[in-house]
Amino acid sequence: MSEQRQEFESALENIESKVIELFAMVGEDLPSATQALLSCEIDALYREVEELVNRAILLQAPVASDLRFLLSALRIVPELERSHDLVVHIAARANRIFTGDLSPRASGLVEAMGALAAGMWRTAADAWYQRDRSAAQTLVERDEEMDDLHSSLIAELASGQMSVPVTMEMTLAARDYERLGAHAVNIARRVVYLAGSGAIPNPGPTTE
């Protein structure tokens, strides 16, 4: 193996490790969603990965499989960055909601959405790490569950049992959880391409 190829493979491994680190920041910290823990650090890492990928494409001559990986990394890292922003938003809203502000049903629905989102992100991270093409369909099904929970929570919030400020905050939080699920699905669909299908099935528009 040439020295240039060894250096290139080392660069690819570095990009892979940083992408996995981004997954961990979003997925593992989602249950607690502490704003102080997440702010700034992930943005710097996102920019670093983007720069490394662009440099590898410009300075090396990637073969088809290498280019597939580099393009996949470029496309999923923005999904990770946007998902981080959603986690931060959830944490900020949690600081403005107190015990007893929510109805018992709303509390249960929020808990279910949080658990489902965390599970979806663990699946998305595993799919990337293992190059598991089958995860996309699993996550599509779970995203449908998330949509059902979102609809149920919105209906509960519209019942008038909670104050207007709490209703507004939780409506936004419900949307954030729903979008986290959509980002997990988008990433799994990118993994299908990375694993060698040659196409991304029904990617749809990227959610913000």
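The structure contained in this document is the topic of the report that follows. (Residues numbered from 1 in each chain as written. Predicted model: local features only at pLDDT ≥ 70, side-chain atom pairs only at ≥ 80, totals over all residues. Heavy atoms only, no water.)

### Considerations on the overall build of the chain
Of the regular secondary structure elements, the chain holds 7 helices and 0 strands. Starting at the N terminus and ending at the C terminus, the chain contains elements arranged as α-α-α-α-α-α-α. Going through the 208 residues of the chain one by one, you find that 46% of them count as buried. By sequence separation, contacts in the chain at least 24 residues apart represent 80% of the contacts at least 6 residues apart. (Helix = DSSP H or I, 4+ residues; strand = E, 2+ residues; numbered from the N terminus. Buried < 20%, exposed > 50% of the residue type's maximum accessible area, 1.4 Å probe, protein only. Contact = heavy atoms within 4.5 Å.)

### A few points about the packing of aromatic side chains
Enumeration according to the criterion identifies 3 aromatic pairs in this entry. On the basis of an interplanar angle of 55° and a centroid distance of 6.2 Å, the ring pair of Phe23 and Trp121 is categorised as tilted. Of this pair, Phe23 sits in helix α1 (residues 3-27) while Trp121 sits in helix α5 (residues 104-130), and the two are 98 residues apart along the sequence. Note on Phe69 and Trp128: the rings are 6.0 Å apart at their centroids and 40° apart in plane angle, and the pair reads as tilted. Of this pair, Phe69 sits in helix α4 (residues 64-94) while Trp128 is found in helix α5, placing the two residues 59 residues apart along the sequence. Relative accessible area serves as the criterion here: at 0%, Trp128 is assigned to the buried category. Three or more aromatic residues joined by ring pairs form one cluster here, namely Phe23, Phe69, Trp121 and Trp128. Sitting over the face of the ring of Tyr193, Arg75 holds its NZ or CZ atom 5.8 Å from the ring centroid. (Phe/Tyr/Trp six-rings, centres within 6.5 Å; stacked < 30°, edge-to-face > 60°. Lys NZ or Arg CZ within 6 Å of the ring centre and 35° of its normal.)

### With respect to the packing of α1 against α4
One can describe the packing of α1 onto α4 by two numbers: an axis separation of 10 Å at closest approach and a directional angle of 25°. Accordingly, the angle class assigned to the pair α1 and α4 is roughly parallel. Note on packing geometry: the crossing formed by α1 with α4 is left-handed. From α1, Arg5, Phe8, Leu12, Ile15, Glu16, Val19, Leu22, Phe23 and Val26 reach across to α4, where they touch Asp66, Phe69, Leu70, Ala73, Ile76, Val77, Leu80, Ser83, His84 and Val87. In terms of residue class, the contact of α1 with α4 is built from 14 nonpolar, 2 polar and 3 charged. (Axes fitted to C-alpha atoms, helices over the stretch in contact; angles between N-to-C directions. Parallel < 35°, antiparallel > 145°, perpendicular 65-115°, else oblique. Left-handed = near helix turned anticlockwise from the far one by under 90°. Nonpolar A, V, L, I, M, F, W, Y, C, P; charged D, E, K, R; others polar.)

### With respect to the environment of Ala135
Residue placement: Ala135 occurs in helix α6 (residues 135-157). Given a relative accessible area of 4%, Ala135 falls into the buried group. Ignoring any residue separated from it by four or fewer positions in sequence, one finds Ala135 in contact with Thr123, Ala127 and Ala188.

### Looking at unusual backbone geometry
Located in the positive-phi region is Arg131, a residue other than glycine, with phi close to 55°. Summarising the element assignment, Arg131 is placed in the loop between α5 and α6. What makes Arg131 partly exposed here is its relative accessible area of 28%.

### A closer look at the nonpolar core
Counting residues in hydrophobic clusters, the biggest one holds 58 residues, and the most contacted among them are Ile15, Val19, Phe23 and Trp128. Of all the secondary structure elements, the ones that give two or more residues to this core are α1, α3 (41-59), α4, α5, α6 and α7 (164-197). Among the elements that take part in this core, α7 stands out by supplying 13 residues, more than any other. The residues touching Val19, leaving out its near neighbours within four places in the chain, are Val49, Ala73, Ile76, Val77, Leu80 and Trp128. (Core = buried A, V, L, I, M, F, W, Y, C linked by side-chain atoms within 4.5 Å.)

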